[in-house]
Amino acid sequence: MKNLLNEQELQALRTHIAQSSRILICAHRGPDGDAVGSSLGWAEYLRQQGKQVDIVMPTPFPDFLRWMPGSQDIRFYARHEAEAEQVIAQADLIFCLDFNGLQRLQEMQAPVAAAQAKRIIIDHHLDPDRSIAAQVVSFPTRCSTSEIVCRLIIELGGWDALPQKAAVCLYTGMMTDTGGFTYNSNDPEIYEVISMLLTKGIDKDKIYRNVFNVYSEDRMRLTGYILYRKLRFYYNRHASIFALTREEMRRFHFIRGDAEGLVNMPLQVKGMRLSISLREDTERDVVRVSLRSVDDFPCNRMAEEFFHGGGHLNASGGELPFPLSEAMLTAERAIKAYADLL
């Protein structure tokens, strides 16, 4: 397995860490399994180096990730703004994990931008904003930020001391960001990393169950409702769209995380290349957009052009202003515009 960083880059990272005592880790708004897993795994490594480490995220993560070791210690800016701002201001080094620019922090952007601490980006999204960071560790070809963090720990010499709970978190991040290793996961080196994580004694089968087999009866019925009532196929263009309103989510007692994975389901239909999910946000007057594709269809390009977002080739997201009916028309225009690639 090749090193990610050359010796000069690795030494720069060592120096930044060595010269800091109180380190902050932050991740993007609406943190997913990779954001949480990479943050928790990196925090454990830094604590092994004798550092005081805090994790602050703009908003809470989905309920199905609460079992992850250490997740109870993560602070959320949306719930405790004053406390979070104090932690941000006190940090002497800030790691920005799983996002490529401060705008992904949204309501937490201002205090992080104003902080005196140096910032370091560790991420796998395209086009990192190098102007905001003292060092950028960016590898868009890697399957997840958790994979990058795992490999950095190995290269920094921290692998042997890394506890099992950190390995659990890093594996969870890799697994969730690849849909259980069903996309963005063809590189053989991914499985070398997994093999090393397994030497820590993690139970990968239990991790899978903890993430994917913990939904409620309401989530199951919501899934059926979407598939039967809401899903629209555009067969001539090998695409689909479904849209959810706040009222529909209330009807099915929606909780954070209940929409996870639903956008992937239409891709099980033979010939489908693109699936778009539209959902009214429960906290802000915006429509959340998720895009998934197969093969070489560029979700990231569509997300940037039509949905004020971005992401990866086969998995991207964005958002649109209210109302949902207008967002639906935008999604239909996007499918029409990319008809030649579908």
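It should be noted that the structure appears before, not after, this text.
Model, not experiment: these values are computed from the prediction.

Draft legend 1. Region of interest: the overall build of the protein chain. In terms of helices and strands, the protein chain carries 12 helices and 12 strands. Principal-axis analysis of the C-alpha atoms gives the protein chain an extent of 55 × 45 × 40 Å. For the protein chain, the proportion of its 342 residues judged to be buried stands at 54%. When contacts within the protein chain are restricted to residue pairs at least 6 apart in sequence, those whose partners lie at least 24 apart make up 66%. Computed over 39 positive and 44 negative side-chain charges, the separation of the two mean positions in the protein chain equals 3 Å.

Draft legend 2. How the structure looks around the layout of surface pockets. The calculated volume of the second largest pocket comes to roughly 280 Å³. Forming the walls of the second largest pocket are 17 residues, and the residues nearest its centre are P140, T141, R142, N184 and H312. A per-class count over the lining of the second largest pocket returns 5 nonpolar, 9 polar and 3 charged.

Draft legend 3. Geometry of the packing of helix α6 (residues 164-176) against helix α7 (residues 188-198). It is the contact of α6 with α7, at a shortest axis distance of 10 Å, that shows an interaxial angle of 150°. In terms of orientation, α6 lies roughly antiparallel with respect to α7. Here α6 and α7 pass one another in a crossing that is left-handed. Of the residues in α7, those touching α6 at A167, L170, Y171 and M174 are I190, V193, I194 and L197. In terms of residue class, the contact of α6 with α7 is made up of 8 nonpolar, no polar and no charged.

Draft legend 4. Seen up close, the pattern of salt bridges. One pass over the structure, following the stated rule, counts 26 salt bridges. The partner of R142 in a salt bridge is E147, with the nearest N and O atoms 2.8 Å apart. Its relative accessible area of 10% is what places R142 among the buried residues. E147 sits in the buried class, given a relative accessible area of 0%. Among the ionic pairs, R142 bridges to E189, the shortest N-O distance being 3.9 Å.

Draft legend 5. Up close: the sheet that holds strand β12 (residues 315-321). On the basis of which strands lie adjacent, the open sheet formed by 6 strands has the order β7-β8-β9-β10-β12-β11 and mixed pairing. Edge positions in the sheet fall to β7 (232-234) and β11 (310-311), since each of these pairs with one other strand and no more. Pairing analysis gives 7 bridges linking strand β10 (residues 286-293) to β12, with the strands arranged antiparallel. Each residue of the ladder has a partner; that of V287, found in β12, is L320.

Draft legend 6. Examining the sheet that holds strand β1 (residues 22-27) more closely. Strand order in the open sheet formed by 6 strands is β3-β2-β1-β4-β5-β6, with parallel pairing between adjacent strands. Both edges of this open sheet fall to β3 (75-76) and β6 (135-138), since each of them pairs with a single strand only. Summarising the sheet, strand β4 (residues 93-97) and strand β5 (residues 118-123) pair through 5 bridges and their orientation is parallel. In the sheet register, L93 faces β5, and the bridge partner there is K118. Its contacts with the sheet put helix α2 (residues 33-48) on β1, β2 (52-57), β4 and β5, and the angle it makes with β2 is roughly 165°.

Draft legend 7. Up close: helix α3 (residues 81-90). Among the residues of α3, A84, V87 and I88 are the ones counted as buried. Along α3, the residues classed as buried sweep out an arc of 100° about the axis, all on the same side. Summarising the geometry of α3, the exposed residues directed more than 90 degrees from the buried face are A82 and A89.

Draft legend 8. Layout of the side chain of T145. Position of T145 relative to the elements: it lies in helix α5 (residues 145-155). We classify T145 as buried; its relative accessible area is 0%. Side chain to side chain, T145 and D98 meet in a polar contact 2.8 Å long. Sequence-distant contacts of T145, that is, excluding residues within four places in its chain, are made with D34, S38, L97, D98, I122, D123 and H124.

Draft legend 9. Local environment of the environment of R130. Among the structural elements, R130 can be located in the loop between β5 and β6. Taking the C-alpha atoms as reference points, R130 and I120, 10 residues apart in sequence, are found 9.4 Å from one another.

Draft legend 10. Molecular detail of the packing of aromatic side chains. Counting across every chain of the model gives 12 aromatic pairs. Where W42 meets F95, the ring centres are 5.3 Å apart and the plane angle is 85°; that geometry is what we call edge-to-face. Linking W42 in helix α2 with F95 in strand β4, this pair joins segments that are 53 residues apart in sequence. For the pair W42 and F95, one class covers both residues: buried. Aromatic side chains Y208 and F212 sit 4.7 Å apart centroid to centroid with 45° between the ring planes, which places their arrangement in the tilted category. Placement of both Y208 and F212 in helix α8 (residues 204-212) is noted, with a separation of 4 residues, approximately one turn of the helix. Exposure remark for Y208: the relative accessible area of 39% places this residue in the partly exposed category. Among the aromatic residues, those joined into a ring-pair cluster are F297, F306, F307 and Y338. Between K200 and the ring centre of W159, over which it is positioned, the NZ or CZ distance is 4.9 Å.

Cut-offs used in this document
Residues numbered from 1 in each chain as written. Predicted model: local features only at pLDDT ≥ 70, side-chain atom pairs only at ≥ 80, totals over all residues. Heavy atoms only, no water. Helix = DSSP H or I, 4+ residues; strand = E, 2+ residues; numbered from the N terminus. Buried < 20%, exposed > 50% of the residue type's maximum accessible area, 1.4 Å probe, protein only. Contact = heavy atoms within 4.5 Å. Lys, Arg positive; Asp, Glu negative; His and termini not counted. Charge placed at Lys NZ, Arg CZ, Asp CG, Glu CD. 1 Å grid on protein atoms, 1.4 Å probe; cavity = no way out; pocket = protein on both sides within 12 Å on 5 of 7 lines; lining within 4 Å. Points joined across faces, edges and corners; volume = space filled by probe spheres on them. Nonpolar A, V, L, I, M, F, W, Y, C, P; charged D, E, K, R; others polar. Axes fitted to C-alpha atoms, helices over the stretch in contact; angles between N-to-C directions. Parallel < 35°, antiparallel > 145°, perpendicular 65-115°, else oblique. Left-handed = near helix turned anticlockwise from the far one by under 90°. Salt bridge = Lys/Arg side-chain N within 4 Å of Asp/Glu carboxyl O. Pairing = 2+ DSSP bridges. Arc of directions from axis to C-beta. Polar contact = N/O pair within 3.5 Å; in protein donor to acceptor, adjacent residues only side chain to side chain. Phe/Tyr/Trp six-rings, centres within 6.5 Å; stacked < 30°, edge-to-face > 60°. Lys NZ or Arg CZ within 6 Å of the ring centre and 35° of its normal.

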